[in-house]
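Understanding the architecture of this molecule
Chain by chain, the residues run as shown.
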Amino acid sequence: MTHRVTIVGMSLRGSESIWLATADGAGFPTLDGDVKVDVAIVGGGIAGITTALLLKRLGATVAVAERETVAAGATGYTTAKITALQSTRLSDIRSKNGADGARAYARATLDAMTRIAALVQEEGIECDLEPRDAFTYAGDEQEVASVEQEAEAAREAGLPVELTTDTGLPWAVPAAVRLAAQAQFQPVLYTRGLARRVDGDGSHVFERTHVTGVTEAGPCRVETAGGGTISAERVVVATNYPLLDRGLFFARLEATRSYCVALPVRGEVPQGMLITAGQPTRSLRTFRDHLIVGGEGHQTGAADAQPERYEALVEFARRHFDVGPDATYRWSTQDGMPADSLPYIGPYTPRSKRLYVAAGFMKWGMTNATIAATLLTDLMADRFNPYAARFDPNRVALRTLPKTAKLNLHAGREFFGERVSPAEAPSAEEVPAGEARVVRAGAGKIGVFRDENGAVHGVSPALHAPRLPRALQQRRALVGLPVPRLALRRRRGHTRGAGDEAARAARRGLSRRSARDDRPGGLYGTATGAWLLVEVARALRRVLRTADYVARVGPSSRPPASVD
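An account of the accompanying structure is given in this report. (Residues numbered from 1 in each chain as written. Predicted model: local features only at pLDDT ≥ 70, side-chain atom pairs only at ≥ 80, totals over all residues. Heavy atoms only, no water.)

**Some thoughts on the pairing of strand β6 (residues 130-137)**
As paired strands, β6 and strand β8 (residues 176-184) are joined by 7 bridges and run antiparallel to one another. Bridge pairing links glutamate 130 to glutamine 184 in β8. As paired strands, β6 and strand β14 (residues 273-276) are joined by 4 bridges and run parallel to one another. Bridged to threonine 136 within β14 is isoleucine 275. (Pairing = 2+ DSSP bridges. Helix = DSSP H or I, 4+ residues; strand = E, 2+ residues; numbered from the N terminus.)

This is the structure:
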């Protein structure tokens, strides 16, 4: 998503990313009717587009539906490194999944790198693909142990790494692990180049096509806000954060935000791709005449999402390099972090036969998205893939249950803390044009944005509380138990106190949107206490989503499908 997000007068999303600014528009049409294909793909990022191309190569017809423009979501807001050395990811995976898990992840990543290079060559895509060495370095003496552990895990996983202190940085580092012959590129040029190969010959790429629902029964139906539908035998959801209320991904993905700046640079610059082993993260690479610095990551939440994080990255660049006085580009994005540190790729739920998901790329989406595309293509072509079981979204990892519980406990603390914290403006009338504030609305709060024309738009967390899956609403069984539906008291969102017709119009628009989305709008209880707890956790996570963005929401819009 490329909308500008303004919180208390400052853009946290930032200006346009360097990748979007240096790429031409994709120029694909919006779906305005009904189409029928073999496979429908929701999401026009690197995962969805690569999956579409690989399926088309096998003779399938595909249709990609992208909410904004191709590669304008998480793909366009990354550092775009293509490497199997990913900070301390391998040692983390080894601690949670054993040496076999780290080895499988490393091999899958190497396969993905080979796939990317092959697609660039075979399709003739100009995307600034350049070979680079990758480094994970110690920012201080305390991080040396982490570097050494990563080197050990990488060697055990089969990667030819070496320990060194020669990184090309203009300051001495106590230790670093190096992996040669990795790569970097321009991800938007790459993804849009692939998309142009997808479109045509019975296959389609649709932009500004907002998916509102997916029916899994065969043939599947993908419904859009514009009224058009895509009928398909299979559906892939590749939206960074899964958009459907099924699969319990809300409880298994930790949403984290990280930041990037790009500054014009003069003089000597490091020729490798570098990232620290500890916190605060500092990720470095170059693109043409710019230095890109990333980091300042945190778990998603309004209290941590401060504009000063950009300035910290700019100050770091100024201290170490001959850069311009200001950041030419600044951007941020959110990523899903699975509890066991492995991506979710495969059937959406244990019972799904036609619906697939690709999510949880852990800030390394270039390779993980390509892993997902290859794996999903193999699954739909009924071909063996050695990583299918390892990355199965429905796997059970008992050792990560404490992490999952901690994640949802954090969500609960944020939820109740937000309920008692003061609002940022007493009413919608006090919100300046072009900015947004959290406004008290009765016993709750609402995010209010006033556009440049003075019109007020609102986002109410209560209106977007989750629903039970249709299977439960129809009183089917969950893990062998009958689950009757018992509706709890619905709490409706409102803008009481907004004080003008624009705010009331926003309220009416939100109500219509809730009805069109076929969501009951409130929490539902069940006969099982465990499921009730799950539903509560889901609602809390949704509230945090709205706290992290305040977008231009009109009467015909819905909140973003992903957490970003």
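We are not done yet, so read on.
**Quick look at the side chain of serine 352**
Secondary-structure assignment places serine 352 in the loop between β19 (344-347) and β20 (355-359). Within polar-contact distance, the side chain of serine 352 engages the side chain of glutamate 216 at 3.0 Å. Side-chain polar atoms of serine 352 contact the side chain of threonine 349, separated by 2.8 Å. The residues touching serine 352, leaving out its near neighbours within four places in the chain, are Glu216 and Pro347. (Polar contact = N/O pair within 3.5 Å; in protein donor to acceptor, adjacent residues only side chain to side chain. Contact = heavy atoms within 4.5 Å.)

**Looking at the pairing of strand β12 (residues 229-237)**
Most of β12 sits inside the fold, with 7 of its 9 residues counted as buried. Pairing geometry for strand β3 (residues 34-42) and β12, over 8 bridges, is parallel. Residue pairing across strands places valine 42 opposite valine 237, the latter belonging to β12. In terms of strand pairing, strand β11 (residues 220-224) meets β12 through 4 bridges, oriented antiparallel. (Buried < 20%, exposed > 50% of the residue type's maximum accessible area, 1.4 Å probe, protein only.)

**Observations concerning the packing of aromatic side chains**
Taken as a whole, this structure holds 9 aromatic pairs when the rule is applied. A centroid spacing of 6.1 Å and a plane angle of 70° characterise the contact between tryptophan 171 and phenylalanine 321, whose relative ring orientation is edge-to-face. Residue tryptophan 171 is located in the loop between β7 (162-164) and β8, and its partner phenylalanine 321 is located in the loop between α6 (308-320) and β17 (322-323); the two are separated by 150 residues in the primary sequence. Taken together, the ring pairs connect Tyr137, Trp171, Phe316 and Phe321 into an aromatic cluster. Its guanidinium or amino end placed over the ring of phenylalanine 249, arginine 252 lies 4.6 Å from that ring's centre, counting from NZ or CZ. The positively charged end of arginine 282 is found above the aromatic ring belonging to phenylalanine 316, 5.5 Å away from the centroid. (Phe/Tyr/Trp six-rings, centres within 6.5 Å; stacked < 30°, edge-to-face > 60°. Lys NZ or Arg CZ within 6 Å of the ring centre and 35° of its normal.)

**What to know about the packing of helix α3 (residues 89-123) against helix α7 (residues 365-380)**
Where α3 contacts α7, the axes come no closer than 8 Å and their chain directions differ by 90°. It follows from the interaxial angle that α3 and α7 lie roughly perpendicular. When α3 is examined against α7, the residues Tyr105, Ala108, Thr109, Ala112, Met113, Arg115 and Ile116 are found in contact with a partner set consisting of Met366, Thr367, Asn368, Thr370, Ile371 and Thr374. Looking at side-chain class alone, the contact of α3 with α7 contains 7 nonpolar, 5 polar and 1 charged residues. (Axes fitted to C-alpha atoms, helices over the stretch in contact; angles between N-to-C directions. Parallel < 35°, antiparallel > 145°, perpendicular 65-115°, else oblique. Nonpolar A, V, L, I, M, F, W, Y, C, P; charged D, E, K, R; others polar.)

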